[in-house]
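# Summary of structural features
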Amino acid sequence: DGRFSLGLRGLGQFDNAYYDQDDSASRLSSANGGALSSGSNFRRAQLGIQGKLFGDWSYLFNYDFGGSSGNEQQGRVQAVYAQYDGLAPFALRVGAYPPPANIEDGTASGDTIFLERNAPAEIARGIAGSDGRDAITALYTGGKLYAALSLTGGKVADSNTYAGEQRAVLGRVSDLFYSDNDWRLLAGVNGSYVFTPPFTNTVGPNGAHTITFSTSPELTVDDTGTKLVSTGAINAEHAYHWGVEGAAQWRSLYGQAGYFGYGIDRVATGLSNPNFDGWYLQGTWVLTGERRGYSAANGAFTSPKPSVPLSLKGGGWGAWELAARYSDLDLNYHEGQIGSAMPADGVRGGEQKIWTAGINWYPNSLLRFALDYQHVSVDRIGSTAAPVVANTDIGQSFDVISLRTQFGF
Amino acid sequence: DGRFSLGLRGLGQFDNAYYDQDDSASRLSSANGGALSSGSNFRRAQLGIQGKLFGDWSYLFNYDFGGSSGNEQQGRVQAVYAQYDGLAPFALRVGAYPPPANIEDGTASGDTIFLERNAPAEIARGIAGSDGRDAITALYTGGKLYAALSLTGGKVADSNTYAGEQRAVLGRVSDLFYSDNDWRLLAGVNGSYVFTPPFTNTVGPNGAHTITFSTSPELTVDDTGTKLVSTGAINAEHAYHWGVEGAAQWRSLYGQAGYFGYGIDRVATGLSNPNFDGWYLQGTWVLTGERRGYSAANGAFTSPKPSVPLSLKGGGWGAWELAARYSDLDLNYHEGQIGSAMPADGVRGGEQKIWTAGINWYPNSLLRFALDYQHVSVDRIGSTAAPVVANTDIGQSFDVISLRTQFGF
Amino acid sequence: DGRFSLGLRGLGQFDNAYYDQDDSASRLSSANGGALSSGSNFRRAQLGIQGKLFGDWSYLFNYDFGGSSGNEQQGRVQAVYAQYDGLAPFALRVGAYPPPANIEDGTASGDTIFLERNAPAEIARGIAGSDGRDAITALYTGGKLYAALSLTGGKVADSNTYAGEQRAVLGRVSDLFYSDNDWRLLAGVNGSYVFTPPFTNTVGPNGAHTITFSTSPELTVDDTGTKLVSTGAINAEHAYHWGVEGAAQWRSLYGQAGYFGYGIDRVATGLSNPNFDGWYLQGTWVLTGERRGYSAANGAFTSPKPSVPLSLKGGGWGAWELAARYSDLDLNYHEGQIGSAMPADGVRGGEQKIWTAGINWYPNSLLRFALDYQHVSVDRIGSTAAPVVANTDIGQSFDVISLRTQFGF
């Protein structure tokens, strides 16, 4: 009678990549990306069930056997939650899942334009969100207005020796403020605040409890999981981020942009508190005329659905989409000069700029091939005691070609 | 034609807890519970399939992605077995699964009154049973009489360097000896005997092969998985337990009690063989008038099914149940006095007494919220060389508030 | 409309074994099988979904929670792929899966005659194939002719520090060149070539990149996962294998044989390049008259389907099958003499000869019990610095009884 449903979910994302680094990269330590590893990796290999219970409740059990560090990991919780829908458009969700963090985060992992979400949005969602985050979320999904406020804890399998897990709030609001036959305009704000950083130290409840901002170069095939930009572990009292994003669609053209600020309040040391920022701009053009869709449930856009699926007999070719992105993530703070020691309150996290161009082919609504070219530039200064030679340039530029084969339902 | 069936199973149990310890606990080492970690944890996140084949056979594939040590673990076998039902009410089951150990063990993990089974029954089922135990079981499930005899081996993923896995027998018999419209009375006995302890040592086939009795304080949210009472590893020739249990139901009232004795036969040392015991008493009252059910297949009672599910439109509120429990587990043997060295044959495992009061809310037959308050008292003496100060009191008392969100089918 | 399908897959293989070793084996180190561990193990505990999409595409998501090293492992990708069938009988498959390696490999893991595939075929499929291998395969499955050519990479969860994963090609061709009412005759060739060995060293891109040929004694219950024959890690430029196989069926009799050669091209050292070989002969007789089937999709034979399933009421007894095998795997190369140091270019991998006799009982088409007796003989010389005493005989002979309980669909 429609009050109960049960569906199976599967998602496979098989990535292949070739990293083309200069010989000059060999001066760098392995941790700084001296030798990125080409090859293949299942970014996601998921299996799950979802459905409705008694009309008023919904649930999801979703497990992932892929990996985001260049290697497949063993099966683990990606999202398991129960949700009360009896007061729609309000809902209450509890469990472990990616709590709504921003528009880019709301784009489902099968619907992202490129292989990975842009780095600035990735940092923002990582602070108090991302896969397998223990959370309770109040949701409002009213067609145009989307709002979510989450109280979040640690991530699944995080282990904390003392005094409990991270505690944070995370929220986003967005509005599809204009839509007609040709246009859709979406704007949103988001933010997070970490009340209590995770206690992962082993030296006692008064030891360091640190937070690190770092992310991969918008690709995770490299087996070593190298993160070229990273603030390193900072002993933190609190951490936060705020962000603004917008998206615009005109027929089969789509554009999206965002700006994020991040900061850490140090455990009292007399040193100034570091802050960082990042921004991105990305767009697509569906050559075959289809349009990206809009999901009111996620407050974000979805992949185009091909109007004529590939068929060697019938003559269809699916949907073809061109895409481009630029992102700039700056994790430096009072970083000082090459050749000099870092100021006492400095953070040499590095600045990462990435150009990406891509072609997406959707033979049908359940399959996708994504061919991307990236040009990655990292500007970063090593630390005093740092890899190979102190205080030298540990940045690099390189190109990557990658191909994702994706199938999911 | 009913001879084949295939069903999906899902079970999510998301626990949140706050441990309220005295400042005096900080004198204790971390291993003795000096700093229990509040937070959240998926106790169980299961996915499975089950069904019938050719009418005469049944099977279960069930995998768990949650964890019982305060952290979610990676997916693993909880129960995978095949069963021959062609001689019903007799059956033969083979595979890895929790072999029937006692009435409390027979209560399905989604039907337990509190977040965890009581500690004395948990010790009893742990010796030769519990999740993922390799076993072959002869079952008799004749409506009122329930009997199970299992030959059991190691647990899934146990690794044994020498001479093979633990070998043991485990049995239980229970009888629903009286039932009418108002009353149900159930009594049972159980026992286990370990012929060969597991060879987990690395120094050769003649090295120590030890058995440890220990369990969590009837809650497993603490990230460190601390077990406040533990016999420590005892070099064992054999181990055993025996138990008696009873349960009585009158309309929406339910009571259950049990007593268990445990013992270890040492590898010949001239020292006396230690033995231990524990008992529990627990009961519930379903405020909304429903009754706990009885499962002849498990020889144990089940959760009440709400007669009117929660509905903001229709006015139902589901079922509400009050519950209380007291358990006393004594793992001391010739423990001597505080301030003195332990006698040569002593075991300072500690005595744990727990009061629990709880409210269970079943909005519908597939959902449950359980709010529990526990008062835990541990009396335990440290060893000569032991944590912080030798031979001192390493016990403590503390309170815990916990909330489980459970959904399953 | 038949263009879409979705099916669940489950496979459980629960193995019990008793290793009967001579006392003389205790002279051997644990790594050389001084104490093989009897007990039980889930060889496979799989859960998956498979189906068709849009008529032209097929897919498989299959995860394994069992283990091949004597212990169950945590859930991981066994096979996840997408396949394009729009040009049947040609197909293109991409993902991670066991790429077609030889006739024995093509025999599905639920259809193998004994508990494990024969050791010589296992070495051959391990070089560039086996479970969870990243690959792209061009397939031709034309009823009688079967051909597969795969470009393969690393295995799922392999981690490579430098310069990427192994790269290899793997191919097989077989032809069911004669079949009538009584007879089926199948012949095939296969081969693989490793262009680039895996870079698993940690000392830099110019460090060793090694390949090892080793395999278990056609049984994997032993908890220590001991491999009695092994070439050890050889710093390799390339590796390869070639093989020929044939199978013949006459009514309910079945026979199969194969010969394989393997080799490694060393990184230039002035030493000769080692090569090895192995062969096997195996056959079955279905006492109850059924016949092994032939799968054109796999280019290999399948288990017999019982014509009358077991039924205590109806009188059926399922299918019963007798089986025997002999395999000889020689991983020695210029191994020299007992008591003398190994020649500089020698490899003391050992020679393993195994006799196996077995009874398979198929109570119905989804269940199977396999009782096997094996006599294993290993001739092997220890290395100069080797376990216990240098250059002595580290071989042994022993018997094993094993029982597999299998259920799957």
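It should be noted that the structure appears before, not after, this text.
Residues numbered from 1 in each chain as written. Chains lettered and ligands numbered in written order. Predicted model: local features only at pLDDT ≥ 70, side-chain atom pairs only at ≥ 80, totals over all residues. Heavy atoms only, no water.

Quick look at the overall build of chain A now. Across its full length, chain A holds 2 helices and 21 strands. Since a compact globule built from 409 residues should have a radius of gyration of about 22 Å, the 22 Å found for chain A is in line with a globular shape. Seen along its three principal axes, the alpha-carbon backbone of chain A occupies a region of about 65 × 45 × 40 Å. Within chain A, the proportion of its 409 residues that are buried is 59%. Pairs at least 24 apart in sequence give 65% of the contacts found in chain A among residues at least 6 apart. Of the accessible surface of chain A, which amounts to about 14700 Å², a share of 58% is contributed by carbon and sulfur atoms. For chain A, the separation between the mean place of its 29 positive charges and that of its 39 negative charges on side chains is 6 Å. (Helix = DSSP H or I, 4+ residues; strand = E, 2+ residues; numbered from the N terminus. Rg over C-alpha atoms; globule rule 2.2 N^0.38 Å. Buried < 20%, exposed > 50% of the residue type's maximum accessible area, 1.4 Å probe, protein only. Contact = heavy atoms within 4.5 Å. Areas by Shrake-Rupley, 256 points an atom, 1.4 Å probe, with all protein chains shown as cover. Lys, Arg positive; Asp, Glu negative; His and termini not counted. Charge placed at Lys NZ, Arg CZ, Asp CG, Glu CD.)

What follows is about the interface of chain A and chain B. Taken together, the 40 residues of chain A in the interface contact 37 residues of chain B. For the pairing of chain A and chain B, the buried interface totals around 3000 Å² over both sides, and the portion due to carbon and sulfur atoms is 69%. By the criterion of area lost to chain B, the three top residues of chain A are A:Phe54, A:Trp57 and A:Phe61, representing 18% of everything that side buries. At the boundary of chain A with chain B, the tally comes to 0 salt bridges. For the side of chain A that touches chain B, the secondary structure elements donating two or more residues are strand 1 (5–21), strand 2 (39–53), strand 3 (57–64), strand 4 (76–84), strand 5 (90–97) and strand 6 (133–142) of chain A. Top contributing element to the side of chain A that touches chain B by residue count: strand 4 of chain A, with 6 residues. (Buried area = accessible area lost by both parts, 1.4 Å probe. Salt bridge = Lys/Arg side-chain N within 4 Å of Asp/Glu carboxyl O.)

A few words now on the nonpolar core. Note that soluble globular proteins tend to have their nonpolar side chains buried in a common cluster. In terms of nonpolar packing, the biggest core is built from 75 residues, with A:Tyr63, B:Tyr63 and C:Tyr63 touching the most fellow members. When sequence neighbours within four positions are dropped, the list of residues in contact with B:Tyr63 reads B:Ala45, B:Gln46, B:Leu47, B:Arg76, B:Val77, B:Gln78, B:Val80, C:Ala45, C:Gln46, C:Leu47 and C:Phe65. (Core = buried A, V, L, I, M, F, W, Y, C linked by side-chain atoms within 4.5 Å.)

We now examine the interface of chain A and chain C. Taken residue by residue, the interface counts 37 residues in chain A and 39 residues in chain C. In this assembly, chain A packs against chain C so that about 3000 Å² is buried in total across both faces, 69% of it on carbon and sulfur atoms. Taken together, chain A and chain C are joined by 0 salt bridges. There are 5 residue pairs in polar contact (both at pLDDT 80 or more) connecting chain A and chain C. Looking at the side of chain A that touches chain C, the elements with two or more residues in it are strand 1, strand 2, strand 20 (367–379) and strand 21 (396–408) of chain A. Residue composition of the side of chain A that touches chain C, grouped by class: 17 nonpolar, 16 polar and 4 charged. (Polar contact = N/O pair within 3.5 Å; in protein donor to acceptor, adjacent residues only side chain to side chain. Nonpolar A, V, L, I, M, F, W, Y, C, P; charged D, E, K, R; others polar.)

Turning to the pattern of salt bridges, a few remarks are in order. The tally for this structure, following the rule as stated, stands at 34 salt bridges over all chains. A salt bridge links A:Glu122 to A:Arg125; the nearest nitrogen and oxygen atoms lie 3.4 Å apart. Pair noted here: A:Glu122 and A:Arg125 are both in helix 2 (residues 119–128), with a separation of 3 residues, about one helical turn. A:Glu122 sits in the partly exposed class, given a relative accessible area of 22%. For A:Arg125, a relative accessible area of 6% gives the class buried. Across the salt bridge formed by B:Arg291 and B:Asp182, the nearest N and O atoms sit 3.9 Å from each other. Taken together, the positions of B:Arg291 in the loop between strand 15 (275–286) and strand 16 (293–295) and B:Asp182 in the loop between strand 8 (167–179) and strand 9 (183–196) put the pair 109 residues apart, joining distant regions of the chain. For B:Arg291, a relative accessible area of 37% gives the class partly exposed. If you follow the salt bridges from partner to partner, you end up with A:Asp15, A:Arg43, A:Glu116 and A:Arg404 in one network.

Turning our eyes to something else, we now look at the packing of aromatic side chains. Residues and elements named next belong to chain C. The full count for this structure, using the stated rule, is 75 aromatic pairs over all chains. Arranged with centres 5.6 Å apart and planes meeting at 45°, the rings of tryptophan 242 and tyrosine 259 form a pair that is tilted. With tryptophan 242 in strand 13 (residues 234–250) and tyrosine 259 in strand 14 (residues 253–266), this pair connects stretches of sequence that are 17 residues apart. Note on tryptophan 242: relative accessible area 42%, which makes it partly exposed. When the ring centre of tyrosine 81 is taken as origin, the NZ or CZ atom of arginine 93, which lies over that ring, is 4.2 Å away. Lying over the aromatic face of tyrosine 97, arginine 93 brings its terminal NZ or CZ to 5.4 Å of the ring centre. (Phe/Tyr/Trp six-rings, centres within 6.5 Å; stacked < 30°, edge-to-face > 60°. Lys NZ or Arg CZ within 6 Å of the ring centre and 35° of its normal.)

Note on the copies: chain A fits chain B at an RMSD of 0.0 Å, the axial shift is 0.1 Å, and the rotation between them is 120°. What we have between these two chains is a three-fold relation. Among all C-alpha atoms of chain A, that of A:Gly75 lies closest to the rotation axis, at 2.9 Å. Comparing interface residues between copies, only 12% of those in chain A also sit at the interface in chain B, which points to a heterologous contact through distinct surfaces. (Least-squares fit on C-alpha atoms with pLDDT ≥ 70 in both.)

All right, on to the relation of the copies chain A and chain C then. Its rotation angle being 120°, the transformation that places chain A on chain C also includes 0.0 Å of axial translation and leaves an RMSD of 0.0 Å. When the interface residues of chain A are mapped onto chain C, a mere 14% of them again fall at the interface, so the copies present different faces.

This paragraph deals with helix 2 of chain A. Side chains of residues three or four places apart in an α-helix project in the same direction, reflecting 3.6 residues per turn. All names here are of chain A. Counting buried residues in helix 2 gives 8 out of 10 residues, a clear majority hidden from the surface. Those residues of helix 2 not exposed but buried are Ala119, Pro120, Ala121, Ile123, Ala124, Arg125, Ile127 and Ala128. You can read the cap of helix 2 off the contacts: a side-chain oxygen lies 2.9 Å from the backbone nitrogen of alanine 121, and it is on asparagine 118. Looking one or two residues beyond helix 2, the residue adopting positive phi is serine 130, at roughly 75°.

In short, shape yes, function no, at least from these values alone.
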